[in-house]
Number of protein chains: 2
Amino acid sequence: MTTAADSKDEARLGLRRRRVTLHDLAKVAGVDPSTVSRVLNGDRTLVVKDETRRRILDAVEELQYVPNAMARGLRRQRSQMIGLLVPDIANPFFPEIILGAERVFSEAGYRLLLGNTSEDPEKEHAYVELLRSNVVEGLMLATAFTQDETVEELTRLGVPYVLVNRAHAGTSNYVVVDDRVASRGTADYLVGLGHRRIAHVSGPLYTETGLARLRGYREGLRAAGIEYREEYVIEGDFKEASGARAIERLLKLDEPPTALLAANDLLALGAMGACRSLGVRVPQDLSIAGFNDVPFCSMVTPALTSVRVPRLEMGMASARRLLDLLSGSDALQSPIVLGTELVVRDSTAPPSR
Amino acid sequence: MTTAADSKDEARLGLRRRRVTLHDLAKVAGVDPSTVSRVLNGDRTLVVKDETRRRILDAVEELQYVPNAMARGLRRQRSQMIGLLVPDIANPFFPEIILGAERVFSEAGYRLLLGNTSEDPEKEHAYVELLRSNVVEGLMLATAFTQDETVEELTRLGVPYVLVNRAHAGTSNYVVVDDRVASRGTADYLVGLGHRRIAHVSGPLYTETGLARLRGYREGLRAAGIEYREEYVIEGDFKEASGARAIERLLKLDEPPTALLAANDLLALGAMGACRSLGVRVPQDLSIAGFNDVPFCSMVTPALTSVRVPRLEMGMASARRLLDLLSGSDALQSPIVLGTELVVRDSTAPPSR
DNA sequence: TTGAAAGCGTTACCAG
DNA sequence: CTGGTAACGCTTTCAA
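Please read all numbers here as calculations on a predicted model, not as lab measurements.

### Description of the overall build of chain A
The secondary structure content of chain A amounts to 13 helices and 12 strands. By the compact-globule yardstick of 20 Å for 353 residues, chain A is too spread out, its C-alpha radius of gyration being 27 Å. On the principal axes, the C-alpha backbone points of chain A span a range of 90 × 40 × 35 Å. The buried share among the 353 residues of chain A stands at 53%. Here the analysis covers contacts within chain A between residues at least 6 apart in sequence; of these, 70% occur between residues at least 24 apart. Element-wise, carbon and sulfur atoms account for 49% of the exposed surface of chain A, whose accessible area totals about 16000 Å². Separation between the mean location of the 44 positive side-chain charges and that of the 47 negative ones in chain A comes to 4 Å.

### Let's talk about the packing of aromatic side chains
The tally for this structure, following the rule as stated, stands at four aromatic pairs over all chains. Above the plane of the ring of A:Phe291 lies A:Arg213, whose end atom (NZ or CZ) is 3.7 Å from the centre.

### As for the protein's contact with DNA strand D
Not every one of the 26 residues close to DNA strand D is listed here, only the nearest: A:Leu22, A:Tyr65, A:Arg75, B:Thr35 and B:Thr52. Atoms of DNA strand D within 4 Å of the protein belong to the sugar or the phosphate in 63% of instances, the rest to bases. At 2.4 Å, a backbone N or O of A:Leu22 approaches a phosphate oxygen of DNA strand D. With four residues, the top contributor of residues to the surface near DNA strand D is helix H5 (residues 69-76) of chain A. Tallied by class, the residues present in the surface near DNA strand D amount to nine nonpolar, nine polar and eight charged.

### Thoughts on the interface of chain B and chain A
The interface is formed by 52 residues belonging to chain B together with 52 residues belonging to chain A. Of the roughly 4400 Å² buried at the junction of chain B and chain A (both faces included), carbon and sulfur atoms supply 62%. Counting the surface chain B buries against chain A, the share from its top three residues, B:Met70, B:Arg132 and B:Met299, is 16%. Seen at the junction of chain B and chain A, the total is two salt bridges. Residue A:Lys123 is joined to B:Glu102 by a salt bridge in which the shortest nitrogen-to-oxygen separation is 3.7 Å. Viewed at the interface, chain A and chain B are joined by 17 residue pairs in polar contact (both at pLDDT 80 or more). For the side of chain B that touches chain A, the elements supplying multiple residues, two or more each, are helix H5 (69-76), helix H6 (95-107), strand E2 (111-116), helix H7 (121-132), helix H8 (148-157) and helix H12 (265-278) of chain B.

### Notes on the environment of A:Gly30
Relative to the assigned elements, A:Gly30 resides in the loop between helix H2 (22-29) and helix H3 (33-40). Residues A:Gly30 and A:Thr207 lie 177 residues apart in sequence; the distance between their C-alpha atoms is 63 Å.

### Concerning the nonpolar core
The biggest cluster of nonpolar side chains holds 83 residues, and the ones touching the most others in it are A:Ile288, B:Ile288 and B:Phe296. Ranked by residue count, the leading element in this core is H12(B), at eight residues. In contact with B:Phe296, other than residues within four places in its own chain, are A:Phe296, A:Met299, B:Pro92, B:Asp265, B:Leu266 and B:Leu269. In terms of nonpolar packing, the next biggest core, distinct from the first, is built from 66 residues, A:Ala101, A:Ala182, B:Val164 and B:Val177 among them.

### Quick word on the relation of the copies chain B and chain A
Here the two chain copies are tied together by a rotation about an axis and a shift along that axis. Mapping chain B onto chain A is achieved by rotating through 180° and translating by 0.1 Å along the same axis, at an RMSD of 0.1 Å. Here the copies are linked by what is in effect a two-fold axis. Interface overlap between copies is the fraction of interface residues in one copy that are interface residues in the other; for chain B against chain A it reaches 100%, indicating a shared surface.

### So, helix H12 (residues 265-278) of chain A
Residues and elements named next belong to chain A. With 14 residues, H12 extends 20 Å from end C-alpha to end C-alpha; this agrees with the ideal 20 Å at 1.5 Å per step. When H12 is considered as a whole, its buried residues turn out to be Asp265, Leu267, Ala268, Leu269, Gly270, Ala271, Met272, Ala274 and Cys275. Against strand E6 (198-202), helix H11 (240-251), strand E8 (259-262), strand E9 (287-289) and strand E10 (306-308) lie the buried residues of H12. Between the side-chain oxygen of the N-cap and the backbone nitrogen of Leu266 there are 3.2 Å, and the N-cap of H12 in question is Asn264.

### Some points on the pattern of salt bridges
All names here are of chain B. Applying the stated rule across the entire model yields 30 salt bridges over all chains. Note that Arg213 and Asp179 form a salt bridge whose closest N and O atoms lie 2.8 Å from each other. Of this pair, Arg213 sits in helix H10 (residues 208-223) while Asp179 sits in helix H9 (residues 179-193); the two residues are 34 residues apart in sequence, bridging distant segments of the chain. For the pair shown, Arg213 and Asp179 are each scored as buried.

### Thoughts on the confidence of the model for chain A
When pLDDT is low, close inspection of the predicted coordinates is not appropriate. Here chain A averages 90 in pLDDT, while 92% of its residues score no lower than 70. Confidence over residues 1-16 of chain A falls short of pLDDT 50; this stretch has 17 contacts with residues more than four positions distant or in other chains.

### Re the state of the cysteines
Residue and element names in this part refer to chain A. All chains considered together, the criterion is met by zero disulfides over all chains. No disulfide involves Cys297; its nearest neighbouring cysteine sulfur is the one of Cys275, lying 15 Å away. Cys297 sits in the buried class, given a relative accessible area of 0%.

### Quick notes on unusual backbone geometry
One can expect most non-glycine residues to show negative phi and most peptide bonds to be in trans. Residue and element names in this part refer to chain B. Here the amide bond leading from Val282 into Pro283 is cis, since omega sits at 10°, within 30 degrees of zero. Here Pro283 lies in the loop between H12 and strand E9 (287-289). With an omega dihedral of -5°, the bond running from Thr301 to Pro302 counts as a cis peptide bond. Phi is positive for Gln64, close to 55°, though the residue is something other than glycine. Structurally, the position occupied by Gln64 is in the loop between helix H4 (50-63) and H5. Taking the relative accessible area as the measure of exposure, Gln64 reaches 43% and is therefore partly exposed.

Here is what the cut-offs are and how they apply
Residues numbered from 1 in each chain as written. Chains lettered and ligands numbered in written order. Predicted model: local features only at pLDDT ≥ 70, side-chain atom pairs only at ≥ 80, totals over all residues. Heavy atoms only, no water. Helix = DSSP H or I, 4+ residues; strand = E, 2+ residues; numbered from the N terminus. Rg over C-alpha atoms; globule rule 2.2 N^0.38 Å. Buried < 20%, exposed > 50% of the residue type's maximum accessible area, 1.4 Å probe, protein only. Contact = heavy atoms within 4.5 Å. Areas by Shrake-Rupley, 256 points an atom, 1.4 Å probe, with all protein chains shown as cover. Lys, Arg positive; Asp, Glu negative; His and termini not counted. Charge placed at Lys NZ, Arg CZ, Asp CG, Glu CD. Phe/Tyr/Trp six-rings, centres within 6.5 Å; stacked < 30°, edge-to-face > 60°. Lys NZ or Arg CZ within 6 Å of the ring centre and 35° of its normal. Near = heavy atom within 4 Å. Polar contact = N/O pair within 3.5 Å; in protein donor to acceptor, adjacent residues only side chain to side chain. Nonpolar A, V, L, I, M, F, W, Y, C, P; charged D, E, K, R; others polar. Buried area = accessible area lost by both parts, 1.4 Å probe. Salt bridge = Lys/Arg side-chain N within 4 Å of Asp/Glu carboxyl O. Core = buried A, V, L, I, M, F, W, Y, C linked by side-chain atoms within 4.5 Å. Least-squares fit on C-alpha atoms with pLDDT ≥ 70 in both. Expected span 1.5 Å × (residues − 1). pLDDT = per-residue confidence, 0-100. Disulfide = S-S within 2.5 Å.

Following this line, the structure appears as structure tokens:
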């Protein structure tokens, strides 16, 4: 018992005392380390005498024992960590995805290693190495601009990964929304308001999302019997500035549009800003709709009509899928497609002309 | 050489082949594992024959060897990981802090484990355990509502940690801005515009930041010889709704204020929203200033005047301090206080009455 | 029901 | 300059 007491004093002493190991604990409890391990891992198959268990648990309390995760990980070949890669945490699209993932993972006893790739392929690759070095057991990629190369490398390595908000031909482990259908829905809505001259600022057309949203737009117009006008479609880059630039060009046309379907909220916001400085009123002179429904949509004036993407759900679903993969369920599951919803606010109205 | 070739074929085969260890590598290179280790760790003191080095490096390429981080960590007693705790990633105040920290840490070869505490003391405590279990080497706490208990426990344990945007008596390892001075600056500015009836929606008064900003406000008024009016100060909780509630009460007063100094941007935004629905024009009828300058300040209409807090810098400085701590520099450093700047936008103007 | 021993994949020390 | 060997702290057979 003196051992225990001494240790306690040591603990009070504080600062950087040697870590308590299973060994110390076993000595204090008067049993073998392996027995301690069994008790601590709640091994239900092996039965342990009640009194022994008691003694061990007491010792744990006494010594404030916490197992060393690296030793355990090395032995078990599991780190209990997941890597989550995002292109830019500051982009309001991602935090909720992270939140959703964190919720599911922490519930399952996994920790989250966060990586901001800044859309840099090298950084991205560094995180693949992390997987190979057993730092993480799986990877969640929320990086839309990802080099396909990375995805292919992961597939080749045969390691567990899931794609968030992005599809890929080589896998079915991804969670997305149907961008085409959602975009089509917004187009339909604008048509329903009475608009005929509807423009579109797209995302980069080398991204899946950019393309799909453009397709949805075209589909909506076609269904309404509205002729496609090339000058009404401008390729942007998902950032504010290109939305502003687009609107400036559109308003110079002989027949300017009465509505704008932007491929994301930032583009819409940029467009709104440009309208303000040009003295064009939204929605009276021009209706604007965005995509993603990031938090600021409801904060700007006029509040922005947008497509709600269930980001929290997306993060959670992706995490669950990855967990499935990790538990070795080899059953090939199909991609997960989540539903969207058009949130109508104040930036859209019937055309006044 | 056959071994190497075989391994290569195995690699092409892909899927879940056994990990390559230092042993395999040593065999292929025809040297002892310890020699490989020396070469790979770039030990400059020990000299290695060029040809040996060459052979080893070739083998690394050949086998695509990546060291096992857990084995290394166990041996070296270092995980190369830092835990970063935030109360809520979705709060726009935090992403940039995370970004700054990530930048510094990844440069230094550390990885970031992200923890969302949701202001839940239990979760917070779970992350302290992570430290004790050697998962992370240090902790960065960006949680303003943190129980003091946690900080004290960390101090007692003698482990490396740093506080972000929050001071604490028991330590000098924190990075903050001078909230009082910044708040005072905004008050001075409003006074300078000609306002005399200036109200304040504070943060929770059990937070350091909440208190300090209130003090700055009072100081500014006192310096201008403006009498303190109790009914002009309302305690909020840093969230939109309480900003709205506050403004409703303030506008019912016999002498409603002509300016509002909000303790953060969310409060200011809530106030702005309430003004809109009450038909009160900003800034003509009421000037509003916020605090933190989160990204949406420049996006709302009218754009919100606010105090810029160097969040990226804050994340970086905190990370650097933690790195210092980790490298065992025992030199007691003083707290880091970063400068702020008032960003004047469209939500503030001279009083019209 | 418990103990002993053999690793997990590294690194660091000591010989040679 | 390089090889052997003993840990790091834990889990998991295999015996007893």
